[in-house]
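# Commentary on secondary and tertiary structure
Single-letter residue listing:
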Amino acid sequence: MKQTGHIKAPGNWINDPNGFIYYRGRYHVFYQHFPYEPRWGTMHWGHAVSTDLVHWEHLPIALYPTKPQDRNGCFSGSAVEHDGKLYLFYTGVRYRQENPENIHKHVDNDFESCQMLMVSDDGEHFDNLGSKHVIIPKITDPEVGDVTHTRDPKVWRGSDAWYMVLGSTRHNEGEVLIYRSRDLTTWELAGQAERPGIGWMWECPDWFTVDGQGVLLFSPMGYMKDCACPPDMSLCALADFDEATCAMHIADDGRFFDYGLDLYAPQSTLDAEGRRIVIAWLRMPGPVDEGSRPWWGMMCLPRVVSARDGRARFSVHPDVRAAYAHPIAAPSEAGNGGFRMTLELHEGETLDIGGYRIARIEGRLRADRSAVCPHNGKCRLVSETPEAREGDHLEIYVDGNIVETYVNDGEYTLTNAVYGLSDDIHLEGTGTIALYGLR
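For the structure given in this document, a descriptive report is provided here. Along every chain, residues carry numbers that run from 1 in the direction the sequence is written. Only residues with pLDDT of at least 70 are given local features in this predicted model, and only at 80 or more are side-chain atom pairs given and counted; all residues enter the totals for whole chains, interfaces and linings. Side-chain metrics rest on all non-hydrogen atoms present in the structure, leaving aside hydrogens and water.

### Regarding a nonpolar patch on the surface
A cluster of nonpolar side chains, contributed by Ile61, Tyr64 and Leu129, occupies part of the molecular surface with about 280 Å² of accessible area. Locating Ile61 in the fold gives a position in strand 5 (residues 55-63). Assessed through its relative accessible area of 35%, Ile61 is described here as partly exposed. What goes into a patch is any residue over 30% in relative accessible area without a salt bridge, connected to like charges within 9 Å or, for nonpolar side chains (Val, Leu, Ile, Met, Phe, Trp, Tyr), within 5 Å. Using a 1.4 Å probe, accessible areas were evaluated by the Shrake-Rupley method; residue-level cover was limited to the displayed protein chains. Salt bridge, as used here: a side-chain nitrogen of Lys or Arg that lies within 4 Å of a carboxyl oxygen of Asp or Glu. Per the convention used, a helix needs a DSSP run of H or I reaching at least four residues, while a strand needs a run of E reaching at least two, with both numbered from the N terminus. Three labels apply to residues, based on accessible area from a 1.4 Å probe with only protein chains included: buried if under 20% of the type maximum, exposed if over 50%, partly exposed otherwise in between.

Listed below in structure tokens is the structure:
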């Protein structure tokens, strides 16, 4: 199955991106996948590839449960290349209590997790029966982490060893566990890092350096206290890491990865030019019914990460921008993959994109999707950025069920899931809108 623009579920359910990597001339995005229905269930790893970050092809499922330790799911993880082979790290899950009405669900969070490895010779063939093994067994010491909620290994090469961060919880506070290995197979616990008061568990941690600055992406559960749904959010914080001691200092409480509050579990890699890029899962409040293949879940466009003035920025990847370069007169002229629009939105002005309204109020960008999103309590209808100080420029990508807004080339981003957009675009302001489809 082929897609252009955004990666969408090939049918049924997807969530977190996994194993994002540029390998043998192609970008690989694996993803959490329940292939049987458009809902969360026993996790597999789906697999999509691209040569240009715009045109994607879904390949057969890469990982699926086969071992006692992952019999109830292959949870999130990452990938690295070593000696020409692709190493896939993931969390294996075993339910201690299965739901008697549905084997794809656990009971009362009663399950255990361990960290597992599969090696593929070429990134296309995956031996689920013979190539999997446990590299970090379940955690039994509560002073280290949690037997259930320790997951999502992200691995990178340091100067003299391999390193891994794992999300976990200790004393009901989120944390990252830091492991070190010389051979990618034998791992030792080498450090722990936390910042109290930021959620009860941290999912999908990802640490890297960009522009000389250490950056930690993580997704704390229970972060929001306003009783709205969802309470789990993705944050970005500056964080220094010392390889010699494996000590990580998280500099601040972080800021939202994206101010639409729909994106979750971001994961980064290096692109073909060595730039740090990131992709994330768009949480959607309901499925999209397209005949015989309803689907639920998609990814945002790849973003380039940079650091400036003490914080990380996220700009649309230049190869993606270059692909959306064909001038069009109206959204109806856009083909598969949707369209890009650019404009200046000044103070007090409002842009309406088929029922999705963006306003500039006291310097902040406020988005209201009340007219194009189910009022089912599963999403926030209004969201906004902090005050934008670098100008009034907006770059917006619209593709069926997603609107991605980049403020001043990454000063802030605001992304929302939407349903039933019309082709009408109206600007209550003085600027000029330019529209572009895929070449």
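### Notes on the pairing of strand 7 (residues 85-95)
Counted residue by residue, strand 7 has nine buried out of 11 residues, so it is predominantly covered. Strands pair, by our definition, only if DSSP identifies at least two bridges between them. Here strand 6 (residues 74-82) pairs with strand 7 via seven bridges, running antiparallel. Opposite Glu81, over in strand 7, you have Leu86 as the bridge partner. The antiparallel hairpin formed by strand 6 and strand 7 contains two residues in its connecting segment, where Asp83 sits at a positive phi of about 55°. With 10 bridges connecting them, strand 7 and strand 10 (residues 111-120) associate as antiparallel partners. Across the sheet, residue Leu86 finds its bridge partner in strand 10, namely Ser120.

### Digging into the nonpolar core
Residues Val215, Leu217, Met284, Phe314 and Val320 are the most contacted members of the largest nonpolar core, which totals 59 residues. Per-element accounting of this core gives the leading share, six residues, to strand 22 (residues 276-282). The contact rule is simple, with two residues in contact once any of their heavy atoms fall within 4.5 Å. Excluding anything up to four places from it in sequence, Met284 contacts Trp295, Trp296, Gly297, Met298, Asn401, Ala417 and Tyr419. In this structure, Tyr163, Ala193, Leu351 and Leu365 belong to the second largest nonpolar core, which totals 48 residues. Here, nonpolar core means buried Ala, Val, Leu, Ile, Met, Phe, Trp, Tyr and Cys residues that are tied together by side-chain atoms lying within 4.5 Å of each other.

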